[in-house]
Amino acid sequence: MKTKTASLEQYLLSKINSGEFAPFSQIPSQFKLMQQFNCSRIIVQRVLKKLCNAGFLQASRGSGTFVRPGPYGSTLKEIIVISEYAANANYYPFSGILCNLNTPDIPVRWINQQFISRNSEHFFTPGQAVIWVLPAESQIMLMHLLRQRGIPQLLINRSYGDFDSICTDYWTSIAEGLEAVMQKGDKQIAVITPVPNEKSPYLTDRLMAFYEGCFKCGATIPAGWIVKHDEDGTGELDTRLEKLYKTSGFPRKIFLPHEKLLTGVILFASKHNLVLGKDYEILVFIQSNSMPPTAGLHMLHQPMELFRAGVEEFIRRTAAGDKSPFQRRLKTQLLCQV
């Protein structure tokens, strides 16, 4: 639930950005704002001071508070990276790409997503740009508030509405992977997937792209060949794969939308004397290069170096005052043993 401070700030920003409160016009008096939002004078004065410091308003002693003309936040002074993950490429690649960005004279500050959700009223003024690393859907309201404040934002591997973003092109990537996997043998394929949740909305996009890709290339998914796994341990996965194995045999072709199930699938197959590359093939998304090229393993590697280049391009454009839409869709690199 929004506080009265946040509600008043959002109200004033929406009126300014929509033009209802025109440049040089006087906004309602402090008393009227106190009545409208049922709040204290201290809250009103706090919000007005904040918007004056940010360049949206200008107070004139004895006359009132007036709207300043834009543009707002045209000079980039600071970059804020919001992430749940450490700034370490070995710990999490999408955070790692933002380490040591090429941003001469523009400082970069890291803030935890949970912390900023609780303290957003005390941060963010024009002159900042925000880089969201894998933001959750629960952050969308804050994104809209920052947009009203005139703060440029870039979403990394998430796409919500028309916000600027750099994302993996799942459709093109999976279509290329399916073409490689379907070159030989029949066109039946199984999908073994974690259950999508709020922290993994990308799984829904990957599965949609997979089903569409199967339709376009003529691949089929037999009944019972969609295995959903919602446990952290391998025991539940083994149980589900055992049921599939006893019912239909082990699939010769498998799609994994996330690499965390890869080891479990290979171990299960080895228990039944099935050899990767000989008895079955796998198409899988990966984030790191830790897995060497292996026969029968088709890896869709997300291009971290291109994500980093896209972030730096966004920062250069923002620093130059370019506010045109910024949407980048990056195809994965297909890695497999030749």
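Anyway, here's the lowdown on the structure attached to this text.

Details of the overall build of the protein
Secondary structure assignment for the protein yields eleven helices and 14 strands. For 338 residues, the compact-globule estimate of 2.2 N^0.38 gives 20 Å, and the C-alpha radius of gyration of the protein, at 25 Å, exceeds that figure by more than 25%. With respect to the three principal axes, the spread of C-alpha positions in the protein is 85 × 40 × 35 Å. Per-residue burial over the protein gives 47% buried out of 338 residues. Expressed as a percentage of contacts within the protein between residues at least 6 apart in sequence, the contacts between residues at least 24 apart total 66%. A total of about 17,000 Å² of accessible surface is found on the protein, and carbon and sulfur atoms cover 52% of it. Of the side-chain charges in the protein, 37 are positive and 29 negative, and the distance between the mean point of each set is 8 Å.

Looking at the packing of aromatic side chains
Per the stated rule, a full pass over the model turns up ten aromatic pairs. When the centroid spacing of 5.1 Å and the interplanar angle of 90° are considered together, the rings of F94 and F307 count as edge-to-face. Pair noted here: F94 is in helix α4 (residues 93-96) and F307 is in helix α11 (residues 304-319), with a separation of 213 residues, a long-range link. The ring of F285 has R206 sitting right over it, with the charged end atom 4.3 Å from the ring centre.

Some points on the packing of helix α1 (residues 4-18) against helix α2 (residues 30-37)
The N-to-C vectors of α1 and α2 enclose an angle of 120°; their axes lie 11 Å apart at closest approach. When the axes of α1 and α2 are compared, the pair comes out oblique. Remark: the crossing between α1 and α2 carries right-handed chirality. Here α1 contributes K4, S7, L8, Y11 and L12 to the contact with α2, which in turn contributes L33, Q36 and F37. For the contact of α1 with α2, the residue count by class is five nonpolar, two polar and one charged.

Focus on α1
In this model α1 runs 21 Å from its N-terminal to its C-terminal C-alpha over 15 residues, within 8% of the 21 Å that 1.5 Å per residue would give. Next to the buried residues of α1 lie α2, α3 (41-53), β1 (57-60), β2 (64-67) and α6 (140-148). Looking one or two places after α1, you find G19, whose phi comes out positive at around 90°.

Observations concerning the pattern of salt bridges
Summed over the entire model, instances satisfying the criterion amount to twelve salt bridges. Residue D162 pairs with R147 through a salt bridge whose shortest N-O separation is 3.0 Å. With D162 in the loop between β6 (153-156) and β7 (165-168) and R147 in helix α6, this pair connects stretches of sequence that are 15 residues apart. D162 gets classed as exposed once you look at its relative accessible area, which sits at 53%. We classify R147 as partly exposed; its relative accessible area is 36%. The network of salt bridges with shared partners includes E9, K50 and R149.

Thoughts on the nonpolar core
Generally speaking, nonpolar side chains in soluble globular proteins are found buried as a group. L12, F56, L57, F124, V130 and W132 are the most contacted members of the largest nonpolar core, which totals 37 residues. Elements that contribute at least two residues to this core include exactly α1, α2, α3, β3 (78-83), β5 (128-133) and α6. Those residues in contact with V130 that sit more than four places away from it in its chain are I80, I82, F124, L146, I151, P152, Q153 and L154. Residues L237, V265, I282 and L335 belong to the second largest nonpolar core, which totals 24 residues.

Examining the sheet that holds β5
On the basis of which strands lie adjacent, the open sheet formed by six strands has the order β4-β3-β5-β6-β7-β13 and parallel pairing. Each edge of the open sheet carries a strand with a single partner, namely β4 (108-112) and β13 (327-330). When the angles between neighbouring strand axes are averaged without regard to direction, this sheet yields 20°. Where β7 meets β13, four bridges bridge the pair, whose relative direction is parallel. Residue pairing for β13: C167 is matched across the bridge by R329.

Overview of the sheet that holds strand β8 (residues 190-194)
If you trace the six strands from one edge of the open sheet to the other, you get β9-β8-β10-β11-β12-β14, paired in mixed fashion. With one partner strand each, in any of the chains shown, β9 (226-229) and β14 (333-335) form the two edges of the open sheet. Neighbour-to-neighbour, the strand axes of the sheet open up by a mean angle of 20°, direction not taken into account. In this structure, strand β10 (residues 253-256) lies alongside strand β11 (residues 281-286), joined through four bridges in parallel fashion. For I254, the partnering residue across the bridge sits in β11 and is I282. Lying over the sheet, helix α7 (residues 170-181) contacts β10, β11, β12 (297-301) and β14, oriented at roughly 160° with respect to β11.

How each quantity is defined
Residues numbered from 1 in each chain as written. Predicted model: local features only at pLDDT ≥ 70, side-chain atom pairs only at ≥ 80, totals over all residues. Heavy atoms only, no water. Helix = DSSP H or I, 4+ residues; strand = E, 2+ residues; numbered from the N terminus. Rg over C-alpha atoms; globule rule 2.2 N^0.38 Å. Buried < 20%, exposed > 50% of the residue type's maximum accessible area, 1.4 Å probe, protein only. Contact = heavy atoms within 4.5 Å. Areas by Shrake-Rupley, 256 points an atom, 1.4 Å probe, with all protein chains shown as cover. Lys, Arg positive; Asp, Glu negative; His and termini not counted. Charge placed at Lys NZ, Arg CZ, Asp CG, Glu CD. Phe/Tyr/Trp six-rings, centres within 6.5 Å; stacked < 30°, edge-to-face > 60°. Lys NZ or Arg CZ within 6 Å of the ring centre and 35° of its normal. Axes fitted to C-alpha atoms, helices over the stretch in contact; angles between N-to-C directions. Parallel < 35°, antiparallel > 145°, perpendicular 65-115°, else oblique. Left-handed = near helix turned anticlockwise from the far one by under 90°. Nonpolar A, V, L, I, M, F, W, Y, C, P; charged D, E, K, R; others polar. Expected span 1.5 Å × (residues − 1). Salt bridge = Lys/Arg side-chain N within 4 Å of Asp/Glu carboxyl O. Core = buried A, V, L, I, M, F, W, Y, C linked by side-chain atoms within 4.5 Å. Pairing = 2+ DSSP bridges.

It is worth stressing that arrangement in space is one thing and function is another; only the former is reported here.
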